[in-house]
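# Coordinate inspection notes
Chain by chain, the residues:
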Amino acid sequence: MPGAPLAYLTRKEIFSACHRLHSDQLSEEENKAVYGKCNNFHGHGHNYVVEVTVRGPVSSDTGMVMNIAALKQFMNKAIMETMDHKNLDKDVLYFKDVVSTTENVAIFIWNNLFQMLPNPSILYEVKIHETEKNIVIYRGETCS
């Protein structure tokens, strides 16, 4: 829609999950040095706050970039049903061979949403607040 206003729509969800930061590529000593207390054998948990932003033209018919109820449903499938109250390392197959850092959680959510959205090109950003002080943003970009 040339000339249509471009808007950003963000929805937030909160999920609780536990994980252990541990890489099979590193020795036990290296894991402890890299991940510190987050390498605890029994894991630790977070209340992750996830913000998903879509970007697109505001439809002259509906007045929306996307129906927020539809975005809520996609986020429920991609995030809540998959990760809420789960052990990321044991219950989410993706993390069997991928370290469950917040960066990788953001990539996982992005990939899930990208596959689900009818128009994935509107997916703009996944932002995760792991703690009040630690935030990761992923926009589907790769290094060149």
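In case you missed it, the structure is sitting above this.
Reference entry: report on the structure contained in this document. Bear in mind the structure is a predicted one, so any value in this text is a computation, not a measurement. Each chain carries its own residue numbering, running from 1 in the direction its sequence is written. Owing to the predicted nature of the model, reporting of local features is limited to residues with pLDDT of at least 70; listing and counting of side-chain atom pairs is limited to 80 or more, with chain, interface and lining totals taken over all residues. Hydrogens and water molecules were not included; the side-chain quantities draw on all heavy atoms of the structure.

## A look at the pattern of salt bridges
The salt bridge criterion pairs a side-chain nitrogen of Lys or Arg with a carboxyl oxygen of Asp or Glu, the two atoms within 4 Å. For the structure shown, the criterion picks out two salt bridges. Residues Arg 11 and Glu 13 are paired through a salt bridge, measuring 3.0 Å at the closest nitrogen-oxygen approach. For the salt bridge of Glu 125 with Arg 139, the shortest nitrogen-to-oxygen distance reads 2.6 Å. Of this pair, Glu 125 sits in strand E4 (residues 123-129) while Arg 139 sits in the segment after strand E5 (135-138); the two residues are 14 residues apart in sequence, bridging distant segments of the chain. Since its relative accessible area comes to 36%, Arg 139 is described here as partly exposed. Secondary structure elements are taken from DSSP: a helix is a run of H or I of four residues or more, a strand is a run of E of two residues or more, and numbering for both begins at the N terminus. Only protein chains enter the accessibility calculation, which uses a 1.4 Å probe. A residue is then buried if its area is under 20% of the maximum for its type, exposed if over 50%, and partly exposed in between.

## Some thoughts on the pairing of E5
Burial of E5 is one-sided: the residues Val 136 and Tyr 138 facing one way are buried, the residues Ile 135 and Ile 137 facing the other way are not. Here E4 runs beside E5; their pairing, made up of four bridges, is antiparallel. Of the residues in E5, the one forming a bridge with His 129 is Ile 135. By this definition, two strands are paired if DSSP reports at least two bridges between them. In this structure, the hairpin formed by E4 and E5 is closed by a connection of five residues.

## What about the nonpolar core?
Only buried residues count toward a nonpolar core, which is a set of Ala, Val, Leu, Ile, Met, Phe, Trp, Tyr and Cys residues joined through side-chain atoms within 4.5 Å. Counting 30 residues, the largest nonpolar core has Phe 15, Val 52, Ile 79, Met 83 and Ile 109 as its most contacted members. Looking at this core element by element, the count peaks at seven residues for helix H2 (residues 68-83). Residues contacting Met 83, with those up to four places away along its chain left out, are Phe 15, Ser 16, Ala 17, Ala 78, Leu 88, Val 92, Val 105, Phe 108 and Ile 109. Note on definitions: a residue-residue contact is assigned when non-hydrogen atoms from the two residues lie within 4.5 Å.

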